[in-house]
Amino acid sequence: MAEKSVKTHPVEKSKTAVVASKAQASAKPRRFFNLPTPAKEKDKGQIRQPNRLQKWYRETVGELRKVSWPTPQEAWKLTKVVLLVMAATALFLGALDWLFSELITLLVA
């Protein structure tokens, strides 16, 4: 009787090959992929990866260093422009509000 050859997906073959090579390399073979590595393997020159908060902080500081900040004179000039535009907008909207309230008063009375 001829033996049946079982066809497997190429990725499955590579996974089993990796597991087999890891099992042969270590004295105690691990049964699962996601088991933590022993402390002896971690200390062999590997740098610890930063957590998400540390990574975010470092990236933020790096981006803030790239910003071209305005001089105090430029910042004061731009602040004056913003305040002037804000006051003009407030006066315009106040005038429209007063005009519409007067029109409504004339229509209702």
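As a convention, each chain's residues are numbered from 1 in the sequence order in which they are written. Local features in a predicted model are, by the rule used here, given only for residues with pLDDT of at least 70; side-chain atom pairs are given and counted only at 80 or more, and totals for whole chains, interfaces and linings are based on all residues. Water and hydrogen atoms play no part in the side-chain values, which are based on all heavy atoms of the structure.

### Notes on the overall build of the chain
Regarding its fold elements, the chain presents four helices and zero strands. In sequence order, the secondary structure elements of the chain are arranged as α-α-α-α. When the accessible surface of the chain is summed, it comes to about 11400 Å², and 65% of that surface belongs to carbon and sulfur atoms. Only DSSP runs of H or I reaching four residues or more are called helices, and only runs of E reaching two or more are called strands; each is numbered from the N terminus. Here the Shrake-Rupley method, with its probe set to 1.4 Å, supplies the accessible areas, and only the displayed protein chains count as covering residues.

### Let's talk about the pattern of salt bridges
Between side chains of opposite charge, a pair can form as their charged atoms come close. Criterion for a salt bridge: a side-chain nitrogen of Lys or Arg within 4 Å of a carboxyl oxygen of Asp or Glu. By the definition in use, this model includes one salt bridge. Across the salt bridge formed by glutamate 63 and lysine 66, the nearest N and O atoms sit 3.2 Å from each other. Taken together, the positions of glutamate 63 and lysine 66, both in helix 3 (residues 52-66) and three residues apart, correspond to about one turn of that helix. Accessibility expressed as a relative area gives 47% for glutamate 63, which makes it partly exposed. Taking the relative accessible area as the measure of exposure, lysine 66 reaches 63% and is therefore exposed. Between buried and exposed lies partly exposed: a residue is buried under 20% and exposed over 50% of the maximum accessible area for its type, with that area taken using a 1.4 Å probe on protein chains only.

### Details of a nonpolar patch on the surface
Candidate patch residues must exceed 30% relative accessible area and have no salt bridge, after which like charges are joined if within 9 Å and Val, Leu, Ile, Met, Phe, Trp or Tyr side chains if within 5 Å. Nonpolar side chains collect at one region of the surface, where Trp98, Leu99, Phe100, Leu103 and Leu106 lie side by side and expose about 570 Å² of accessible area between them. You can see leucine 99 is positioned in helix 4 (residues 72-108).

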